[in-house]
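Working through the structure, step by step
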Protein chains: 2
Amino acid sequence: MPYYIGDVIKESKKLVIRTPEDFKKTGIDVKIKTRVDGIDPKKGSLSLSDGTLLPYDVLVMATGAEAIRLDITGGDLEGVYVLRNLTDALKMKAYLNEKGCKKAVLIGAGYIGMEMCEALRNLGIEVKVMDILPRPAIRWDSEFTKMIVEELAKTQVEFRPETKPQAIEKGKDYRLKLQTSGGELDADLVLMGVGTKRSAVLAESMGLALGESGAIKVDFRQKTSREGVYAVGDCCEVFHKVAGRWVYFPLGDVANKQGRVAGQNIGGYPAEFPGIVGAQAFKVFNLEVAATGLTEEEAAKYGFQPVSAMIWGLPVGRPMAKGEKLGVKLVGDKTTGKLLGGQCIGEKGAVQRVSSLSVALWAGLSVDEVGYLDLPYAPPFGGAWDAIHIAAQSLKGKM
Amino acid sequence: MPYYIGDVIKESKKLVIRTPEDFKKTGIDVKIKTRVDGIDPKKGSLSLSDGTLLPYDVLVMATGAEAIRLDITGGDLEGVYVLRNLTDALKMKAYLNEKGCKKAVLIGAGYIGMEMCEALRNLGIEVKVMDILPRPAIRWDSEFTKMIVEELAKTQVEFRPETKPQAIEKGKDYRLKLQTSGGELDADLVLMGVGTKRSAVLAESMGLALGESGAIKVDFRQKTSREGVYAVGDCCEVFHKVAGRWVYFPLGDVANKQGRVAGQNIGGYPAEFPGIVGAQAFKVFNLEVAATGLTEEEAAKYGFQPVSAMIWGLPVGRPMAKGEKLGVKLVGDKTTGKLLGGQCIGEKGAVQRVSSLSVALWAGLSVDEVGYLDLPYAPPFGGAWDAIHIAAQSLKGKM
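Cut-off values and rules
- All residue numbers here refer to positions counted from 1 along the written sequence of the relevant chain.
- Think of it this way: whatever chain is written first is A, whatever ligand is written first is 1, and the rest follow in order.
- Since the coordinates come from a predicted model, pLDDT governs what is reported: local features require at least 70, and pairs of side-chain atoms require 80 or more to be given and counted, while whole-chain, interface and lining totals use all residues.
- Helix numbering and strand numbering both begin at the N terminus, where a helix is a DSSP run of H or I of at least 4 residues and a strand a DSSP run of E of at least 2.
- Three exposure classes are used, based on other C-beta atoms lying within 10 Å of a residue's own C-beta, which is placed from the backbone: buried for 20 or more, exposed for 12 or fewer, and partly exposed in between.
- Once C-beta atoms are placed from the backbone, any two residues with those atoms within 7 Å are in contact.
- In this scheme, strands are said to pair when DSSP sees at least two bridges between them.
- Lines are fitted to the C-alpha atoms to define the axes, a helix being fitted only along its stretch in contact, and any angle between axes, read from their N-to-C directions, falls within 0 to 180 degrees.
- For the least-squares superposition of copies, only C-alpha atoms count, and only for residues with pLDDT at least 70 in both.
- Linking buried Ala, Val, Leu, Ile, Met, Phe, Trp, Tyr and Cys residues through C-beta atoms within 7 Å yields a set, and such a set is a nonpolar core.
- Residues are grouped as follows: Ala, Val, Leu, Ile, Met, Phe, Trp, Tyr, Cys and Pro are nonpolar; Asp, Glu, Lys and Arg are charged; every other residue, Gly included, is polar.
- Source of the domain bounds: an automatic or database domain assignment.
- Here the expected length of a helix is defined as 1.5 Å per residue gap, with one fewer gap than residues.
- Looking at any residue, its pLDDT shows the predictor's confidence there, from 0 to 100.
- For classification, angles of less than 35 degrees are called roughly parallel, those exceeding 145 degrees roughly antiparallel, those between 65 and 115 degrees roughly perpendicular, and all remaining angles oblique.
- Each crossing gets its handedness from the near helix: less than a right angle anticlockwise from the far helix is left-handed, clockwise is right-handed.

Moving on to the overall build of chain A. Helices and strands together make up the secondary structure of chain A, namely eleven helices and 22 strands. Across its three principal axes, chain A shows a C-alpha extent of roughly 70 × 60 × 40 Å. Across the 399 residues in chain A, those meeting the buried criterion constitute 43%. Of the contacts made within chain A by residues no fewer than 6 positions apart, 59% connect residues no fewer than 24 positions apart.

What follows is the structure in structure tokens.
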């Protein structure tokens, strides 16, 4: 879908834009169900799948990424889904409504797997989640992922570690049968949440430079290597402030910010996107799971000297605690004393801590400073020494 | 209560210390119910109310502050309380248990008033809160305090603005009768939550320098103007990183941190307390109320050029919203572009935002940067553009 973005940026604020017709009111012509088959950057034109040529002065690449559909026998059977965009969601919803579903198997225990567990379980569907890795949400510490597996078990979701999907065939009692390295699983619905891939074919065909990650290389203004061509979202790289390098980090809030920055630059209001620190979060039933910055492995890879500390604290003052737990793990750099990353888990307060830690990473604070940060204290929200302080002081002791 | 603090800091970790006897096990002699009548800094000794002299090498002033008891007729009647320390709380609790209470009047709608509203209301007591000021929690914007008054009303707590207490006498149907500028109020319990005062008599008598605020002057190691004498907590000043000056800011978490820093320095592990940014929070029924940094008035007083913006956002992604509101107000400095302060209110997420803003203030971030901070995004916890981003971008537009 090629969009024209121009001086309508301001105009469009006055309108609710939901359909191609809404866009037309702003002077923007939206072509849906139209593929871009080729780009001629010298002439400044796109060849569209409807056979026409579309000229441009400024081009924004926002081609995103696609959900990976595993190449296994039966991977295209009815009832087997991926979940990436609105169309995917509508298809799955229609299937659930029309055909019903008693059992679902989720392949992949990342974000999509974890979030869909809850969504499907809330519909009363029996849910199993499998992953080829030994733990769900592998980015998090094994102590924390243990808590996730326990939370899944509490809600009758079975997690199957180190299980490889092999084939899907039609079933008898249930509509599908999934063959795995760990045996057969019945299901009415199979969802593949195993990551994304991006196609750089168009970008490469027009000679845009790609970064080390293979995604489109951009600068802080979202400009690509070609004058007049911008890239935003899951098709391009982003600057990681903690790693100090350009990385591929396809998350929705990052894409949103990049879009705004590109739009401002195109509209004549120069802006730079400062980058990210790797903040991320998900909710699985009653658990908040969040992380930011680098893991120890990433930090080592990027040349830091990582040291870590983990503590179990409280999201409320001790006298108000009713058995809540708040896990905080911090990673620091032995050489510079700086904070490099953090992750938290708990029924409440985990996202709050990771949010604050993200700002600390953004500003390049030292672990020592994190141990003394002035945070809003009141017993319903934490201790006089917040879990963040305790974790930072524990980490300080190891550095 | 003079404490000896020395090389037992590490030892004490192995023990739970609750009573003077527990302390004795660590070699610390705790004298309770003993007043310090005088200090001779040249000799290094304290004259105690039991007639003895206590020598010291190192002295820590942790004399705190006292709750103000209004000097009105009947201010000392049974059933009239202040709330500062454990003894105050135990007295009030005993009175509630032994005598019962149907109606309570809270004089002062600050932290103590707001928090006690909820505590008393939860006991089924009819509660009225009065203040000589036109609004409760006066530090917060009037839009926000309106939300507090509504929350109080929802829980049948009446707020009486601009009401001055005049006298308390014994009552008939209820045990007390409070005369105010706005008429008579019946009560079984009257609680005065009208702030604190501190006595600098001891500090002055031994020649300690006081700051502009009248509290004991300290440096970043918590040292006073006299060698070997430290001060911590509500009797001393603290460095405000946003204001760039030493201020009086008597909060429990600050006192805790100062105590740790003094202890480390005395124990031979040099440490500095970097200061505060003015983070604070309270909970009133289902509302989180939090603030950090400077208000516009404070900012103007300290020579900044304050500009502010306020927005009503959401603590969850729009598709998940069920009518929640999250108010965010930010203050920036027109001259430098820096963030100067923030305040938030809402059923949830307010403390989270103020916590992140506090780290931004700590690091001296610009309003522009706050508008692009990388925060952990997932729909159960906020929008792709967080309320903080939206507020910062709105403020940026005004600067």
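This part is about the environment of Val277 of chain B. Looking at where Val277 of chain B falls in the secondary structure, it is placed in the loop between α7 (252-266) and β18 (280-284). Residues Val277 of chain B and Gly341 of chain B, 64 residues apart in the sequence, show an inter-C-alpha distance of 8.6 Å. Sequence-distant contacts of Val277 of chain B, defined by excluding residues within four places in its chain, comprise Asp374 of chain A together with Lys241, Val242, Thr292, Gly293, Ser358, Leu361 and Trp362 of chain B.

Next up on the list: the sheet that holds strand β19 (residues 287-293) of chain B. Residues and elements named next belong to chain B. Read from one edge to the other, the open sheet built from five strands follows the order β18-β19-β22-β21-β20, with strand pairing classed as antiparallel. On the outer flanks of this sheet lie β18 and β20 (306-313), each paired with one strand and no other. Neighbouring strand axes in the sheet, compared pairwise and without regard to direction, differ in orientation by 10 degrees on average. Sheet topology places β20 next to strand β21 (residues 326-333); eight bridges connect them, and they run antiparallel. Bridge pairing in β21 links Ile311 to Val328.

Each copy superposes on the other: chain B lies on chain A with an RMSD of 0.0 Å after a rotation of 180 degrees and an axial shift of 0.0 Å. The transformation just described matches what one would write down for a two-fold rotation axis. In this assembly the copies share their binding face: 100% of the residues contributing to the interface of chain B also contribute to that of chain A.

Among the nonpolar cores identified, the biggest contains 212 residues, and Cys117, Val190 and Val289 of chain A together with Cys117, Val190 and Val289 of chain B are the most heavily contacted of them. Beyond its immediate chain neighbours, meaning those up to four positions away, Val289 of chain B contacts Ala137, Trp140, Ile148, Ala281, Phe282, Val284, Ile345 and Ala350 of chain B.

A word on the interface of chain B and chain A. When the parts of a complex come together, some accessible area is lost, and that lost area is often taken as the interface size. Listed as interface residues are 39 residues of chain B and, on the opposing side, 39 residues of chain A. Those elements giving two or more residues to the side of chain B that touches chain A turn out to be α7, β18, β19 and α9 (350-363) of chain B. Among the elements that take part in the side of chain B that touches chain A, α9 of chain B stands out by supplying ten residues, more than any other. Looking at side-chain class alone, the side of chain B that touches chain A contains 26 nonpolar, eight polar and five charged residues.

Structurally, chain A comprises domain 1 (8-65 + 198-266), domain 2 (67-196) and domain 3 (281-398). Taking only C-alpha atoms into account, the centre of domain 1 of chain A sits 36 Å from that of domain 3 of chain A.

What follows covers the sheet that holds strand β11 (residues 176-180) of chain B. All names here are of chain B. In spatial order, the strands read β10-β11-β12; together these three strands make up an open sheet with antiparallel pairing. Two strands close off the open sheet at either side, each with one partner strand: β10 (165-170) and β12 (183-187). Between one strand axis and the next, the sheet turns by 25 degrees as a mean value, whatever way the strands run. With five bridges joining them, β11 and β12 adopt antiparallel strand pairing. Within the sheet, the bridge partner assigned to Thr180 lies in β12 and is Gly183.

With that settled, the discussion passes to the pairing of strand β18 (residues 280-284) of chain A. β18 of chain A sits mainly inside the fold: four of its five residues count as buried. In textbook terms, the turn of a hairpin is the stretch between consecutive antiparallel strands, and for β18 of chain A and strand β19 (residues 287-293) of chain A this stretch comprises two residues, one of which, Phe285 of chain A, has a positive phi near 50 degrees.

Here we take up helix α7 (residues 252-266) of chain A. Residues and elements named next belong to chain A. Spanning 15 residues, α7 covers 21 Å between terminal C-alpha atoms, matching the ideal 21 Å at 1.5 Å per step. The set of residues buried in α7 consists of Asp253, Val254, Ala255, Lys257, Gln258, Arg260, Val261, Ala262 and Ile266. At its buried positions, α7 is contacted by β4 (59-61), β15 (229-231) and β16 (238-240).

Take the confidence of the model for chain A next. Caution applies to low-pLDDT parts of the model: their predicted coordinates are not meant to be read in detail. Residue and element names in this part refer to chain A. In the predicted model, chain A carries a mean pLDDT of 93, and 95% of its residues have values of at least 70. Within the model, the stretch residues 1-13 combines pLDDT values under 50 with 25 contacts to residues more than four positions away or in other chains. For this predicted complex, the interface score ipTM comes out at 0.93, alongside a pTM of 0.94.

Time to look at unusual backbone geometry. Residues and elements named next belong to chain B. In this model, Ala137 sits at a positive phi of 40 degrees, which is unusual for a non-glycine residue. Relative to the helices and strands, Ala137 is located in the loop between β8 (126-130) and α5 (142-154). One non-glycine residue, Gln222, adopts positive backbone phi at about 75 degrees. With respect to the element layout, Gln222 can be found in the loop between α6 (201-205) and β15 (229-231).

α9 of chain B packs onto helix α9 (residues 350-362) of chain A with a crossing angle of 15 degrees between their chain directions and a minimal axis gap of 8 Å. Accordingly, the angle class assigned to the pair α9 of chain A and α9 of chain B is roughly parallel. In this structure, the crossing between α9 of chain A and α9 of chain B has a hand that is right-handed. Here α9 of chain A contributes Val351, Gln352, Ser355, Ser356, Val359 and Ala360 of chain A to the contact with α9 of chain B, which in turn contributes Val351, Gln352, Ser355, Ser356, Val359 and Ala360 of chain B.

Now for the pairing of strand β22 (residues 339-346) of chain B. Residues and elements named next belong to chain B. Within β22, eight of the eight residues are buried, which leaves it mostly tucked inside the rest of the structure. Pairing analysis gives six bridges linking β19 to β22, with the strands arranged antiparallel. Counterpart to Val289 in the pairing with β22 is Ile345. Pairing geometry for β21 and β22, over seven bridges, is antiparallel. Looking at the pairing, Val331 lines up with Gly341 of β22. The antiparallel hairpin formed by β21 and β22 contains five residues in its connecting segment, where Gly337 sits at a positive phi of about 80 degrees.

Quick look at α7 of chain B now. Every buried residue of α7 of chain B is listed here: Asp253, Val254, Ala255, Lys257, Gln258, Arg260, Val261, Ala262, Gly263 and Ile266 of chain B. Looking one or two residues past α7 of chain B, Gly268 of chain B carries a phi angle of roughly 95 degrees, positive in sign.

All names here are of chain A. Within the secondary structure, Val370 is located in helix α10 (residues 367-370). Along the backbone, Val370 and Ser356 are 14 residues apart, and their C-alpha atoms lie at a distance of 9.6 Å. Residues contacting Val370, with those up to four places away along its chain left out, are Leu339, Ala360, Leu365, Ile388 and Ala392.

We now examine the environment of Ala262 of chain A. Position of Ala262 of chain A among the secondary structure elements: in helix α7. Spatially, the C-alpha atom of Ala262 of chain A lies 6.3 Å from that of Arg221 of chain A, the residues being 41 residues apart in sequence.

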